[in-house]
Amino acid sequence: MSSSMGGQQGPAARQAAMAEQVLADGSATAAELAERFGVSLMTIHRDLDELERQGIVRKFRGGVTAQPSGVFESNVQYRLKTMRAEKAAVAEHALRMVEPGMAILLDDSTSTLEIARRLRTGEVTPLTVVTNFLEAINLLADQRGIHLMALGGDYDPLHSSFLGVSCVEAVEQLRVDVCFASTSAVHGGYAYHQEQHIVSVKRAMLDAAARNVLLIDHTKLGRVALHRVVPLSRFDLLLVDDGASAEALRDLDEHKVRYEVCATKGSDDRAGAT
């Protein structure tokens, strides 16, 4: 997009293009965006204020980022593009636990979406899949051999999922074999997340399952977010990719977390403490 085109755009179209760029690049400075879109810094800051109000990005001094913080979870479009090899490795490992005839629950994480992608091969059927994640619903809607149960609620476009009290109540009526879930941060024997309305749904999902499996990429280890979700003892197993540091794995050992490290580069999977 040329600067002249950027200057001629209306605010909504310019903000949409700006969001797309920041989600693709991860972050940008206000000066870079002003030059790219051919508008003043004052206009850029107004645009960024609006994108931050919508929850798409967060501002920092001199710029904006789509990357998560302790109180900000990244937009789903940004999360779909990050750590893909690591999420794929963990999902492949998780799929070994799924057997024909099971009922499984997938939360609205991009990690569990990788499980849904693999279920499209039709190798594990019949299967009941319950989820509140629109991305997963769209993937599995026409898949033969899969009984898909979509959890309703208030639609949240930033997470592409259904949330709220009605979603929690729908989950509470169910009992599944396994819940596969992810979260934003893991530290000191607890799972954390930035947003309270996400936490309530995840807790209900864990309560509805006979077994719970936590899927994370290694960047989430050693981090905290605003809200505690549950102790890691609530999970029967934690799966993480082989980018996890020895220090981060020691923390899991110290809290007696059962985990398995999933190979992304052809190395052998390593089992952790039980």
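(A) Just the overall build of the protein, in detail. Each helix and strand in the protein was counted, giving 11 helices and 16 strands. A fraction of 64% describes how many contacts in the protein between residues 6 or more apart in sequence connect residues 24 or more apart. Surface exposure of the protein reaches about 12500 Å², of which carbon and sulfur atoms provide 49%.

(B) Region of the structure containing empty space enclosed by the protein. Counting across every chain of the model gives one cavity of 30 Å³ or more. In this structure, the largest cavity occupies an estimated 40 Å³ of space. Lining the largest cavity we find Ala181, Ser182, Thr183, Ala191, Lys202, Leu206, Leu214, Val229 and Phe235. Here the residues of the lining of the largest cavity are counted per class, giving six nonpolar, two polar and one charged.

(C) Focus on the pairing of strand β14 (residues 237-241). Burial runs high along β14: five of the five residues are buried. Going residue by residue along β14, you find Leu237, Leu239 and Asp241 tucked away on one face and Leu238 and Val240 tucked away on the opposite face as well. Bridging between strand β12 (residues 209-216) and β14 involves four bridges; their strand directions are parallel. Bridging across to β14, leucine 214 finds its partner in leucine 238. When β14 meets strand β15 (residues 259-262), the two strands line up parallel, connected through four bridges.

(D) Expanded view of the sheet that holds strand β10 (residues 185-187). Spatially, β10-β11-β13 is the arrangement adopted by the three strands of the open sheet, whose pairing is antiparallel. Each having just a single partner strand, β10 and β13 (227-231) make up the two edges of the open sheet. Averaged over all pairs of adjacent strands, the angle between their axes in this sheet comes to 30°, without regard to strand direction. For strand β11 (residues 190-193) and β13, the ladder comprises four bridges, and the chain directions are antiparallel.

(E) View of the nonpolar core. Core analysis: the largest hydrophobic core is formed by 37 residues, its most contacted members being Leu221, Leu232, Leu238, Val240 and Leu252. When residues of this core are assigned to their parent elements, the largest contribution, six residues, is made by helix α10 (residues 196-207). Sequence-distant contacts of leucine 232, defined by excluding residues within four places in its chain, comprise Val186, Gly189, Tyr190, Ala191, Leu214, Leu238, Leu252 and Val257.

(F) Representation of the side chain of aspartate 156 within the structure. Note on placement: aspartate 156 falls in strand β7 (residues 154-156). The exposure class of aspartate 156 is buried, given its relative accessible area of 13%. Polar side-chain contacts of aspartate 156 include one of 3.0 Å to the backbone nitrogen of leucine 158. Among all residues touching aspartate 156, those that are not within four sequence positions of it are Ser161, Leu163 and His197.

(G) Layout of the pattern of salt bridges. Tallied over the full model, the rule gives 10 salt bridges. Here aspartate 49 ties to lysine 59 by a salt bridge, and the two come within 2.8 Å at their closest N and O atoms. On the criterion of sequence distance, the pair formed by aspartate 49 in helix α4 (residues 41-53) and lysine 59 in strand β2 (residues 58-60) is long-range, its members being 10 residues apart. By relative accessible area, aspartate 49 is classed as partly exposed at 41%. For lysine 59, a relative accessible area of 26% corresponds to the partly exposed category. Residues aspartate 207 and arginine 234 are paired through a salt bridge, measuring 2.8 Å at the closest nitrogen-oxygen approach.

(H) Spotlight on the confidence of the model for the protein. For the protein, per-residue confidence averages 87 on the pLDDT scale, and residues scoring 70 or more make up 88% of the total. Across residues 1-7, where pLDDT falls below 50, the model places 16 contacts with residues more than four positions away in sequence or in other chains. In this model residues 267-274 is a low-confidence stretch, pLDDT under 50, and it forms 19 contacts with partners more than four residues away in sequence or in other chains.

(I) Representation of the packing of aromatic side chains in the model. Taken as a whole and assessed by the stated rule, the structure comprises two aromatic pairs. With centroids separated by 5.3 Å and ring planes inclined at 55°, the aromatic side chains of tyrosine 155 and phenylalanine 162 adopt a geometry described as tilted. What makes tyrosine 155 partly exposed here is its relative accessible area of 39%. Positioned above the aromatic ring of phenylalanine 37, the side-chain terminus of arginine 36 is 5.7 Å from the ring centre. For arginine 228, the ring lying beneath its charged end belongs to tyrosine 190, and the centroid distance is 3.7 Å.

(J) Focus on helix α9 (residues 165-172). Those residues of α9 not exposed but buried are Cys167, Val168 and Val171. For α9, the angular spread of the buried residues around the axis is 100°, confining them to a single face. Relative to its buried face, α9 has exposed residues pointing more than 90 degrees away, namely Val165 and Glu172. Buried residues along α9 sit against β8 (161-163) and α10.

Conventions adopted
Residues numbered from 1 in each chain as written. Predicted model: local features only at pLDDT ≥ 70, side-chain atom pairs only at ≥ 80, totals over all residues. Heavy atoms only, no water. Helix = DSSP H or I, 4+ residues; strand = E, 2+ residues; numbered from the N terminus. Contact = heavy atoms within 4.5 Å. Areas by Shrake-Rupley, 256 points an atom, 1.4 Å probe, with all protein chains shown as cover. 1 Å grid on protein atoms, 1.4 Å probe; cavity = no way out; pocket = protein on both sides within 12 Å on 5 of 7 lines; lining within 4 Å. Points joined across faces, edges and corners; volume = space filled by probe spheres on them. Nonpolar A, V, L, I, M, F, W, Y, C, P; charged D, E, K, R; others polar. Buried < 20%, exposed > 50% of the residue type's maximum accessible area, 1.4 Å probe, protein only. Pairing = 2+ DSSP bridges. Axes fitted to C-alpha atoms, helices over the stretch in contact; angles between N-to-C directions. Core = buried A, V, L, I, M, F, W, Y, C linked by side-chain atoms within 4.5 Å. Polar contact = N/O pair within 3.5 Å; in protein donor to acceptor, adjacent residues only side chain to side chain. Salt bridge = Lys/Arg side-chain N within 4 Å of Asp/Glu carboxyl O. pLDDT = per-residue confidence, 0-100. Phe/Tyr/Trp six-rings, centres within 6.5 Å; stacked < 30°, edge-to-face > 60°. Lys NZ or Arg CZ within 6 Å of the ring centre and 35° of its normal. Arc of directions from axis to C-beta.

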